[in-house]
Amino acid sequence: MISGAEAVVRAMADHGVETLFGYPGGAIMPVYDALYDSPVEHLLCRHEQGAGFAAVGFARASGRVGVCLATSGPGATNLITALADAMMDSVPVVAITGQVPRAAMGTDAFQEIDLLGMSLSCTKHSFLVTDPAELCDTLHRAFALAAEGRPGPVLVDIPKDVQLAQLDYVPPFRAVAEAANDTFELERAHALLRAAKKPLLYAGGGVGMADAVSQLREFIQITGMPSVTTLKGIGSVAPGTPGHLGMLGMHGTKAANLAVQQCDLLVVVGARFDDRVTGKLDTFAPHAKVIHLDIDPAEIDKLRVAMLSYCGDLRRVLPEMAIPLHVESWREQCDASAQQTAPSYEHAGPLIYAPALLNQLSQRLPERAIVSCDVGQHQMWVAQHMTFASPADHLSSAGLGTMGFGLPVAIGAQIARPEHMSVLVSGDGSFMMNVQELTTIKRARLPVKIVILDNQRLGMVKQWQELFFEQRYSETNLSDNPDFVTMASAFDIPGRQIWRKDQIQDAMQEMLSSEGPYLLHVSISEQENVWPLVPPGAANDQMMEPQA
Amino acid sequence: MTQHTLFIEMNPTADVLERILRITRHRGFTVANMQMSCASAMQVTVTSERPIALLTRQLDKLYDVQQCRLAPALERAVAARA
């Protein structure tokens, strides 16, 4: 017999967990005690939200389940934002939380919160273990459930007395995958593809989650179809692929959005017609028939009715669907449009132009560097001006849009892939939201490179105030930011501040050649905005562009 | 507003009813009538302007929901209309 807490640690080891992220507290102390001399590594983060996001970063960079651990009450509520983010972006995470002892539950005990109730809307499923005999089975189910089908976060809430109870450990069962209901009218799909004059591929985050990047690339190569991706789909199409037009949607490329509006067949792969993608929904891709491929049946016909759909393994269906198409002139038209509307990195004056800096950074990063970012203008600039070889190299909070995401995610990504450089591109607003995780970098001696694009503003909100709220800049001035380089030095992280173009070369070299962590504080003008922009309520071909 | 009756079979867990009702509300449906004679089955009538498949597909995804289908009479009516 072993204790419930020991069973938790053993189950993690049996599921291949090498490192988990967490923060101790009263109701989870038995598990921390079991971790003390366990081979499973635990990385102490300095806030449970940081631990949750580190697990997200680990999972997104590696494709494996990320694990986080917290105590009851405030520890558990602090995890909620990270779980919600993982839910929106379909990230496999298992969160284990301590709960007050069973006898104290429902009495408003110290650090008691009904976490099961709180978890309903932000997890794929959640378990409250009320019987020690069910603990092992529940943990194994949680790991399986987080990763299977459409991945997502799963919570296991364990009362302290269950952690202390003696039980017989039951090893993981071998899950038998249920036969998916994945019939597909292949002939009809081929007919639709052949009949289309302007077919377009719209690839989302599901491609990477399904490990179907190579199948998608072969599909594109065989069909010759032009392609666009969502924010989470970036990296699934190889940069430079003929007909690839980049990201679509609110801050997508003009060429991508125009192609969507013109296409007569939209092949949607692992994507969900998010409102940031479609703009005004009833004007999105108005001439297109839709073939929708996704693992989640609930996404089919949710926002756009599909003429043909498939729910199942993309790795199976994409090769079956791939047939050569005669779409050269359409692809060439798309490529020409992309060329005509490509962003210019010409920029007058001595001050740093963030899109140009990020484009330069992208070219200088070592192969397979992982770039995490936060949320706001810098996030869109990363998506627009950097290129990625894999969706697992671009970690961006797409669905929930969580400021504070980047730093802990970059930490989790570095733990998952120590052989690759982990780079955080953040903004001065977002960076402060989980800044305590600088200590985690120091503690684990992680060589994370941090680039802060600092316009002393809550830039994206300020941009909307400028464009849509009559330039009434309510609470978006952050000119009282701390001195970021001095702050980093308090965590033994070296760095420097730059503000002129002629400083970029040296500073970037210093950062990329440094062996440990580094913080590059880039001061930029508050005047720069993200372009193009599809304003709220508009169709995607009604893009706003900067005034000349 | 359209009204639909769903027959749901589920695992008799302590939280399954809460999950079903939360999804029903969040996805834009209002409960007009609900009957449970045992902990593993329920019949619920909902109203909404949204297509009922938006709800049934979400309910089908719940870990503890075994099956969710439109009540037979309505299934026939839907089939007849189609």
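Computed from a predicted structure; not experimentally measured.

Caption draft 1: How the structure looks around the overall build of chain B. Regarding its fold elements, chain B presents three helices and four strands. Along chain B, from the amino end to the carboxyl end, the secondary structure elements read β-α-β-β-α-β-α. Contacts in chain B between residues far apart in sequence, at least 24 positions, make up 66% of those at least 6 positions apart.

Caption draft 2: Expanded view of the overall build of chain A. A tally of helices and strands in chain A yields 22 helices and 20 strands. Its C-alpha radius of gyration of 24 Å places chain A within 12% of the 24 Å reference for a compact globule of 548 residues. If you line up chain A on its principal axes, its C-alpha atoms span 70 × 60 × 45 Å. When each of the 548 residues of chain A is scored for burial, the buried share is 53%. Counting only contacts in chain A whose residues sit at least 6 apart along the sequence, the fraction spanning at least 24 positions is 77%.

Caption draft 3: Structural detail: unusual backbone geometry. Residue and element names in this part refer to chain A. Cis peptide bonds are those with omega within 30 degrees of zero, and the linkage from W531 to P532 qualifies with -5°. Position of P532 relative to the elements: it lies in the segment after β20 (518–523). The backbone of S90 sits at a positive phi, close to 55°, despite the residue not being glycine. Here S90 shows up in the loop between α4 (74–88) and β5 (93–99). Looking at S90, the number of C-beta atoms within 10 Å reads 25, which means it is buried. With phi around 55°, D211 is a residue other than glycine that occupies positive phi space.

Caption draft 4: Layout of the sheet that holds strand β18 (residues 449–454) of chain A. Residues and elements named next belong to chain A. The strand order across the open sheet built from six strands is β16-β15-β17-β18-β20-β19, with neighbouring strands paired in parallel fashion. Both edges of this open sheet fall to β16 (394–395) and β19 (495–498), since each of them pairs with a single strand only. Those strands touched by helix α16 (residues 377–385) are β15 (370–373), β17 (422–427) and β18, and its axis lies near 135° from that of β17. Sheet strands in contact with helix α17 (residues 406–416) are β15, β16 and β17, and its direction is about 175° off that of β17.

Caption draft 5: Highlighting the pairing of strand β3 (residues 41–48) of chain B. Residue and element names in this part refer to chain B. As defined by bridge partners, strand β1 (residues 2–10) adjoins β3 across eight bridges and the pair is classed as antiparallel. The residue bridging T5 from the neighbouring strand is T45, located in β3. The hairpin formed by strand β2 (residues 30–38) and β3 contains two residues between the paired strands.

Caption draft 6: Structural detail: the sheet that holds strand β13 (residues 289–293) of chain A. Residues and elements named next belong to chain A. Taken in spatial order, the six strands line up as β11-β10-β9-β12-β13-β14 in an open sheet, and their pairing is parallel. The sheet terminates laterally at β11 (244–247) and β14 (308–310), the two strands that pair on one side only. If you compare each strand with its neighbour and ignore which way they point, the axes differ by 15° on average. Looking at chain direction, strand β9 (residues 199–203) and strand β10 (residues 227–229) are connected through three bridges and run parallel. Among the inter-strand pairings, Y202 is bridged to a residue of β10, identified as V228.

Caption draft 7: Spatial organisation of the UniProt feature "domain: Thiamine pyrophosphate enzyme TPP-binding" (unreviewed entry) in chain A. What UniProt calls "domain: Thiamine pyrophosphate enzyme TPP-binding" (unreviewed entry) maps, in this numbering, to residues 374–522 of chain A. End-to-end, the C-alpha atoms of residues 374–522 of chain A are 15 Å apart, and along that stretch the chain is 38% helix and 15% strand.

Caption draft 8: Representation of the confidence of the model for chain B in the model. All names here are of chain B. When the pLDDT values of chain B are averaged, the result is 91; 88% of them are 70 or greater. In the model of chain B, helix α3 (residues 72–81) stands out as the element of lowest mean pLDDT, 58, in contrast to helix α1 (residues 16–26), which has the highest, 98. For this predicted complex, the interface confidence score (ipTM) comes to 0.92, while the overall pTM stands at 0.96.

Caption draft 9: The arrangement of the nonpolar core in detail. Of all hydrophobic cores here, the largest spans 170 residues; its most connected members are A:V8, A:C68, A:V93 and A:V94. Dropping the residues within four chain positions of it, A:V94 is found in contact with A:V65, A:V67, A:A142, A:F143, A:A146, A:V154 and A:V156. Of all hydrophobic cores here, the second largest spans 10 residues; its members include B:L6, B:I20, B:V44 and B:V46.

Caption draft 10: Focus on the interface of chain B and chain A. Contact residues are listed per partner, giving 11 residues for chain B and nine residues for chain A. When residues of the side of chain B that touches chain A are traced back to their parent elements, those giving at least two are α1 and α2 (53–61) of chain B. Element by element, the count of residues in the side of chain B that touches chain A is highest for α2(B), at five residues. Each residue belonging to the side of chain B that touches chain A can be placed in one class, and the counts come to three nonpolar, two polar and six charged.

Caption draft 11: Up close: helix α10 (residues 213–223) of chain A. Residue and element names in this part refer to chain A. For α10, the complete set of buried residues consists of V213, Q215, L216, F219, I220 and T223. Here the buried residues of α10 occupy an arc of 165° about the axis, which is enough to place them on one side. Check the buried side of α10 and you find it contacts α8 (186–195), β9, α9 (206–209), β10, β12 (265–269) and α13 (314–321). Just downstream of α10, G224 is the residue with a positive phi angle, here 75°.

Caption draft 12: Molecular detail of the environment of A:S514. Tracing the backbone through its elements, the reader meets A:S514 in the loop between α22 (504–513) and β20. Taking the C-alpha atoms as reference, A:S514 lies 8.3 Å from A:P447; in sequence the two are 67 residues apart.

Caption draft 13: Structural view of the UniProt feature "domain: Thiamine pyrophosphate enzyme central" (unreviewed entry) in chain A. As annotated in UniProt, the feature "domain: Thiamine pyrophosphate enzyme central" (unreviewed entry) corresponds to residues 186–320 of chain A in the numbering used here. Between the C-alpha atoms that bound residues 186–320 of chain A the distance is 8 Å, and the span itself is 33% helix and 19% strand.

Caption draft 14: Up close: helix α20 (residues 459–468) of chain A. All names here are of chain A. Buried residues of α20: G459, M460, K462 and Q463, and no others. Taken around the axis of α20, the buried residues stretch over an arc of 160°, which confines them to a single face. Turning to α20, the residues buried within the fold contact α16 and β17. E470 sits one or two positions beyond α20 and adopts a positive phi of about 55°.

Here is what the cut-offs are and how they apply
Residues numbered from 1 in each chain as written. Chains lettered and ligands numbered in written order. Predicted model: local features only at pLDDT ≥ 70, side-chain atom pairs only at ≥ 80, totals over all residues. Helix = DSSP H or I, 4+ residues; strand = E, 2+ residues; numbered from the N terminus. Contact = placed C-beta atoms within 7 Å. Rg over C-alpha atoms; globule rule 2.2 N^0.38 Å. Buried ≥ 20, exposed ≤ 12 C-beta atoms within 10 Å, placed from the backbone. Pairing = 2+ DSSP bridges. Axes fitted to C-alpha atoms, helices over the stretch in contact; angles between N-to-C directions. UniProt positions renumbered as here; feature names shortened; annotations may be inferred. pLDDT = per-residue confidence, 0-100. Core = buried A, V, L, I, M, F, W, Y, C linked by C-beta atoms within 7 Å. Nonpolar A, V, L, I, M, F, W, Y, C, P; charged D, E, K, R; others polar. Arc of directions from axis to C-beta.

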